[in-house]
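Residue-level structure breakdown
What follows is each chain in one-letter form.
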Amino acid sequence: MKSSLAFEKEEITRECPLLSLVVPCYNEEKALPCFIKEVQRVMPQIGKVDVEVILVNDGSKDNTLGVMQQISSEFEFVRYVSFSRNFGKESAILAGLKEADGDWVAVMDADLQDPPSMLPEMLRIVCEEGYDCVGTRRISRKGEPPIRSFFARCFYKIINKIADVKLVDGARDFKLLSREAVDALVALPEVNRFSKGLYEWIGFRTKWLEFENVERVAGETKWSFWGLVKYSIEGILSFSTAPLVLSVILGLTFMFLALGGIAVLVARQLIYHNSAYGWTSMVCIILLLSGVQLFCLGIIGQYISKMYTEIKKRPHYIISERSR
Ligand code: UDP
Ligand code: MG
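Before going into details, it helps to say that this report is about the structure given with it. This one's a predicted model, so the numbers in the text were calculated from it and none came from an experiment. (Residues numbered from 1 in each chain as written. Chains lettered and ligands numbered in written order. Predicted model: local features only at pLDDT ≥ 70, side-chain atom pairs only at ≥ 80, totals over all residues. Heavy atoms only, no water.)

Concerning the coordination of the magnesium ion (ligand 2)
Reference geometry at the metal: tetrahedral coordination by four donors gives ideal angles of 109.5 degrees; octahedral coordination by six donors gives 90 or 180 degrees. The criterion, for reference: Each metal's donors comprise the N, O and S atoms found within 2.8 Å of it (within 3.2 Å for Na, K or Ca). Water is not part of the atom list, so some coordination spheres may appear incomplete. Classification of residues uses two cut-offs on accessible area relative to the type maximum, computed with a 1.4 Å probe and protein chains only: under 20% is buried, over 50% is exposed, and between them is partly exposed.
Surrounding the magnesium ion (ligand 2) are the protein donor atoms Asp111 (OD) and Gln113 (OE1), at 2.0 to 2.1 Å. No difference in accessibility class separates aspartate 111 from glutamine 113, as the two residues are buried.

In structure tokens form, the structure reads like this:
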């Protein structure tokens, strides 16, 4: 006999395909109403496609949850899930992707920095041009502190040299994904999730759309400078083992230098009988080498710490509340 749940599921038949918008939110009480207003404005331009919005409250400290409750009771096309605490944007994106029922899923920020007005064009591309995904990249970094732009550019140069995946400079997490791509992303079990890399890793035919940087409609960016540094290191560790190779190269270089030094000392002792002088230089060399050793140990430690968090197999997030 069929369970009543299975029966209910079969009942849901759609005439139009469904587009899910996944929106991670952390302290976005001011931006959310503007976002929903803009989605409503764009919806008629999307054509014969139903739209659902999945808001993910990532443990916000302000009244984001209250705003979500109100919006979801007001608009039928809006649902929300709320985390028990802040688990980070990557976990919020994963939760949204798992919740989404759409034939296509778009991941976008709540602050209108990822313009919903691009959605009709993105949908047209997947429907008419045969692409599976549409990515977006900013062609300018207007409004961003120059030092942040500089380090962002350096990060893309480095990671593209050493990582298994190629990242597009200025690529945003704003992407339209086919159902197949979403299923592939959700099936990746890793805890340390670096979405930009994962999007590339799963492959699929992707077209890139470019747009001018837009400033936040309200609220503040959640990224501090050190937050971005940590995020960059996370990206490199997730997709490259080059730092380990670097530590091997450093180790070998200093080993050969030390062997050369020993040969010089032995020769000097044999010829001039005065090899033991210059202890200050010795101290400097010991300090330098112990620094290099600690650096290499640190690199190995970083990988071990990633393995540690993976092995624990804790859930990516805990949902404490969801819309009915
Ligand atoms: N965000 C999140 N959890 C966090 C940090 C950010 O869900 O711990 C959300 C945030 O609410 C926003 C999106 O991720 O919708 C991007 O954050 P933000 O706008 O601060 O990043 P930026 O656009 O400045 O890179
Ligand atoms: Mg933003």
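Picking up after the structure, the text goes on.
Let's talk about the pairing of strand β4 (residues 104–107)
The criterion, for reference: Secondary structure elements follow DSSP: runs of H or I of four or more residues count as helices, runs of E of two or more count as strands, with numbering from the N terminus. Two strands make a pair as long as DSSP finds a minimum of two bridges between them.
In β4, alternate side chains face the same way, and those of Trp104 and Ala106 on one face and Val105 and Val107 on the other are all buried. As defined by bridge partners, strand β1 (residues 18–25) adjoins β4 across four bridges and the pair is classed as parallel. If you follow leucine 19 over to β4, its bridge partner there is tryptophan 104. Here β4 runs beside strand β6 (residues 171–178); their pairing, made up of four bridges, is antiparallel. Bridge pairing links alanine 106 to leucine 176 in β6.

Regarding the site of ligand 1
This is how the line gets drawn: For this description, a residue counts as near a given molecule or strand if any of its non-hydrogen atoms is within 4 Å of it. Under this definition, polar contacts are N or O atom pairs within 3.5 Å; protein pairs additionally need one hydrogen-donor-capable and one acceptor-capable atom, and for neighbouring residues in sequence, both atoms have to be side-chain atoms. Each residue gets one label: Ala, Val, Leu, Ile, Met, Phe, Trp, Tyr, Cys and Pro are nonpolar, Asp, Glu, Lys and Arg are charged, and the others, such as Gly, are polar.
Close to ligand 1 lie 18 residues; Glu28, Asp58, Gln113, Thr221 and Lys222 are nearest. A distance of 2.8 Å separates an oxygen atom of ligand 1 from a polar side-chain atom of arginine 216. In terms of residue class, the shell around ligand 1 is built from five nonpolar, four polar and nine charged.

Concerning the side chain of glutamate 52
Threshold: We call two residues in contact when some of their heavy atoms are within 4.5 Å.
With respect to the secondary-structure elements, glutamate 52 resides in strand β2 (residues 50–57). Of the residues examined, glutamate 52 reaches a relative accessible area of 9% and is grouped as buried. There is a polar contact of 3.0 Å between the side chain of glutamate 52 and the backbone nitrogen of aspartate 101. What glutamate 52 contacts, discounting residues up to four positions off in sequence, is Leu18, Leu19, Ser20, Leu21, Phe77, Arg79, Ala100, Asp101 and Gly102.

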